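A look at the structure
Given next are the chains, with one letter for each unit.
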Amino acid sequence: MRKKLLTIMLIICMILTLLPVYSIAATEDPFTDVSSSDYYYKAVNYVYENDLMKGIGNDKFAPNQTVSRGMILTTLYRLEGTPAVVNSMFTDVAADAYYADAIAWSAQNNIVLGYGNGKFGPEDSVTREQLAAILYRY
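The text that follows walks through the structure, step by step, so that each part is easy to find. Worth saying up front: this structure is predicted, and the values here are computed from it rather than measured.

Estimates place the volume of the largest pocket at around 410 Å³. Forming the boundary of the largest pocket are 20 residues, of which Met 53, Gly 55, Ile 56, Phe 61 and Met 71 lie nearest the centre. A total of four residues in the lining of the largest pocket trace back to one element, the largest contributor, which is helix H3 (residues 69-79). Split by residue class, the lining of the largest pocket holds 13 nonpolar, five polar and two charged.

With that settled, consider the nonpolar core. Leu 73, Val 93, Ile 103, Phe 120 and Ile 134 are the most contacted members of the largest nonpolar core, which has 18 residues in total. Elements represented by at least two residues in this core include exactly H3 and helix H4 (100-108). In terms of residues, this core owes the most to one element, H4, which gives five residues. Every residue in contact with Leu 73, bar those within four places of it in the chain, is listed here: Ala 102, Ile 103, Trp 105, Ser 106, Ile 111, Val 112, Phe 120 and Ile 134. Core analysis: the second largest hydrophobic core is formed by eight residues, Phe 31, Val 34, Val 44 and Val 47 among them.

Definitions and limits used
- Residues numbered from 1 in each chain as written.
- Predicted model: local features only at pLDDT ≥ 70, side-chain atom pairs only at ≥ 80, totals over all residues.
- Heavy atoms only, no water.
- 1 Å grid on protein atoms, 1.4 Å probe; cavity = no way out; pocket = protein on both sides within 12 Å on 5 of 7 lines; lining within 4 Å.
- Points joined across faces, edges and corners; volume = space filled by probe spheres on them.
- Helix = DSSP H or I, 4+ residues; strand = E, 2+ residues; numbered from the N terminus.
- Nonpolar A, V, L, I, M, F, W, Y, C, P; charged D, E, K, R; others polar.
- Core = buried A, V, L, I, M, F, W, Y, C linked by side-chain atoms within 4.5 Å.
- Buried < 20%, exposed > 50% of the residue type's maximum accessible area, 1.4 Å probe, protein only.
- Contact = heavy atoms within 4.5 Å.

Now the structure itself:
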């Protein structure tokens, strides 16, 4: 009986050595202002790992900061896979701004058309009404 048990255990050990090994590396949190105890911790890591949001720089996510019009459209644009766009038609959107392509994409797809007179207001806080309209059109 002992030999049988020992044989079975050795066979199990041999089988286990044939299985692929997956290393579980300890990943560092990308942001210093988001703690694992925060209710939004998993959501922040998800949007970061999926390149939807990259934070505001200097290892900061700024979870309590107001969201700007440029930020929300950048997130949606990245969600769409950053398709090719034609330059922005807005005079207050610098061509090299991180949100320039996202705003151009949103205008080309009639998601957001701006304030008029060539103005978009990319740094303006997005209101609930604007967010509802953006998501509806998206």
